[in-house]
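This is what each chain is made of:
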Amino acid sequence: MSLIILLLCTLLGVSLTTAATIERAVSSDVLPSICYNDFGCFSPRPGFKVLPQSPEKINTQFFLYTRKQSSQAQLISSSNLGSFDHTKQIKLIIHGFTDKASSSWVINMTKELLKLEDMNVITVDWSGGNQFPYGQAAANTVIVAAVVRQLLQVMISTGAQPQQMHLIGHSLGAHISSYVGRDLPNLGRISGLDPAGPDFYVSQVPDRLDPSDALFVDVIHTDGAPQIHSGFGHLEPLGHVDFYPNGGSAQPTCGSNTGVILLQSAWSLISTFNVGNAADTLACNHMSAVFYYTDSINTPSPAFAYPCSDYKSFEQGLCTSCGSSSDRCQRTGYHASISKTLGTLYLMTLHGVKPPHFGFNFKVILESDMNDNAQQTRGIIKVKFDEQNEDTLLFDQNTLFKRGSINSKTILVANKPTAMEKINISFKKSLGSTLGIGLAGQWNIRSVTMLDMQSHMSYRFCPTSNSPMIKSGSNLTYKLC
Ligand SMILES: [Ca+2]
């Protein structure tokens, strides 16, 4: 392990192998515990020696928003519930490491929730206890959870039901939610948004998010990795249903998220200490779960996610069915349901940085002509549905097309096509490793079949021209056969 990684481990307090060994050796002695009035006694997380800081130091605060008070939050506590209304839904938004309740994503999610329905939206701020080192912030999650649980129990004493309580937690906030649910029976729901991976990879269920923590636990993974070298998030399934947008590790708008970038990012954070402003860009993949979830609240798209063996198979169009009553799919994010398909689900998102992130899925089946003299080609093929949709990439430069071959792909378009009467296909030959030798400069696509993965309607398109060859760099219109 290089010096830089080891130093970073020490600074972040994370459980990389070397660091964890040292910590465990220390913690093999009798562990100390620490007691705080009202909240009981706490031992270090298993395998670690860091004790949580005091509730006073962490200073967990609650801000209540309702439709009547949608822009001006009311500071509430377990001794003063303010204008909390126990007859309405109760949503708590809990941020993660180095973040705060006044972050723009927390405010945006609050607005979207209140746009959908009048409810109690409570944003939780624990920025007094979530700064560096990471290990201390992770240790403090139990205290934040105890303070949150105290608030919820007071709400229950006024007539609220635990079933109407829904905790939405990002990163370490997801694990805070899990601690709340561990000791609060019948908690309605936890939405874990890219639950933090570091320090939680090897945790047992009492110390991480799992399906026993609420009646419904749904999770979005956007920066999942088996260890901190390559991501901030947790790759393993943690809930009743686990969504893996774009495979769950790397998001299309974020670029590469290698260990090198992570190290650079962490060093940048440490050296500048400008963590608040830096969070969005440095942890782009990790924040994507938040942006997807927020967009899912009021999206016009069904935002379906599909069961599949893996993401590559989903991309190849091998998993397209939602079942006759759409019960084999889930709506991603806020509108997910315990009564639909559970387990590991895959979806694509659009490539724009800003919403919309969700669109409409099609499976495209492209049939190359049998009678063409050319044997094979390699090239970029795009489809255009109508004026309101951009060209959508079907196949990249690495895809090989052979005479008579069938190539299929799942795609996502931003807008539901207005009329499925004609489409346009463009082709651009790529040179590849052979500089294009042996690859045809024009290609004959005999038919294009579009399966609408929402309605399950299928459309087959044929060339409009008598000479259906598409020369490299040009395009051809196809109409319903
Ligand atoms: Ca748990």
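Remember, predicted model here, so these are calculated numbers, not experimental data. (Residues numbered from 1 in each chain as written. Predicted model: local features only at pLDDT ≥ 70, side-chain atom pairs only at ≥ 80, totals over all residues.)

Asker: Looking at this structure, I do not really get the overall build of the protein chain. What am I missing?
Answerer: Counting its regular elements, the protein chain contains 10 helices and 25 strands. Residues classed as buried in the protein chain amount to 45% of the 481 residues present. At a minimum sequence separation of 6, the contacts of the protein chain that also span at least 24 residues come to 69%. (Helix = DSSP H or I, 4+ residues; strand = E, 2+ residues; numbered from the N terminus. Buried ≥ 20, exposed ≤ 12 C-beta atoms within 10 Å, placed from the backbone. Contact = placed C-beta atoms within 7 Å.)

Asker: Just checking my understanding: could you explain the sheet that holds strand β14 (residues 330-331) for this structure?
Answerer: Paired through their backbone hydrogen bonds, the strands of a sheet run either parallel or antiparallel. Reading across from one edge, β4-β3-β6-β5-β7-β8-β9-β12-β15-β13-β14 is the order of the 11 strands in this open sheet, with mixed pairing throughout. Each of the sheet's edge strands pairs with one partner strand only, and the pair in question is β4 (74-76) and β14. In this fold helix α6 (residues 172-182) packs onto β5 (90-94), β7 (165-170) and β8 (189-193), with an angle of close to 145° to the strand it touches most, β7. (Pairing = 2+ DSSP bridges. Axes fitted to C-alpha atoms, helices over the stretch in contact; angles between N-to-C directions.)

Asker: Even after reading the chapter, I still don't get helix α5 (residues 134-157), so can you show me in this structure?
Answerer: Between the first and last C-alpha of α5 there are 35 Å, a value that for 24 residues agrees with the 34 Å anticipated at 1.5 Å per step. The largest bend in α5 is about 30°, located at Asn140. When you tally the buried positions in α5, you get 18 out of 24 residues, the bulk of the element. In the stretch just after α5, Gly159 is the one whose phi turns positive, near 115°. (Expected span 1.5 Å × (residues − 1). Bend = angle between axes of the 7 residues up to and from the residue.)

Asker: Honestly, the environment of Gly96 in this entry has me stumped. Any pointers?
Answerer: Mapped onto the fold, Gly96 is located in the loop between β5 and α4 (104-116). Separated by 41 residues in the primary sequence, Gly96 and Ala137 have C-alpha atoms spaced 8.9 Å apart. Excluding residues within four positions of it along the chain, Gly96 makes contact with His170, Ser171, Leu172, Gly173 and Ala196.

Asker: Where do I start with the pairing of strand β17 (residues 376-384) in this structure?
Answerer: Residues in a regular strand project their side chains so that they alternate between the two faces of the sheet. In terms of strand pairing, β17 meets strand β19 (residues 400-402) through 3 bridges, oriented antiparallel. Its bridge partner being in β19, Gln376 is matched across the sheet by Lys402. Across 6 bridges, the pairing between β17 and strand β21 (residues 422-429) is antiparallel. When the sheet's bridge partners are listed, Ile380 is paired in β21 with Lys428. By the bridge criterion, 3 bridges tie β17 to strand β18 (residues 392-395) in an arrangement that is antiparallel. Note that in β18 the partner of Lys382 across the bridge is Leu393.

Asker: I would appreciate a short explanation of the environment of Leu480 in the present structure.
Answerer: Of note, Leu480 is situated in strand β25 (residues 474-480). With 12 C-beta atoms packed within 10 Å, Leu480 lands in the exposed category. Between the C-alpha atom of Leu480 and that of Phe461, which follows or precedes it by 19 residues, the distance is 4.3 Å. If we skip the residues at most four places from it in the chain, Leu480 touches Glu421, Tyr459 and Phe461.

Asker: What's the story with the pairing of strand β9 (residues 216-220) in this structure? I'm lost.
Answerer: Of all 5 residues making up β9, 5 are buried, and the element is well covered by its neighbours. Residues of β9 alternate between two faces, with Phe216, Asp218 and Ile220 on one and Val217 and Val219 on the opposite face, all of them buried. Of the strand pairs in this sheet, β8 and β9 are connected by 5 bridges, and their pairing is parallel. In the sheet register, Ser191 faces β9, and the bridge partner there is Asp218. Here β9 runs beside strand β12 (residues 241-245); their pairing, made up of 3 bridges, is parallel. Bridge pairing links Asp218 to Val241 in β12.

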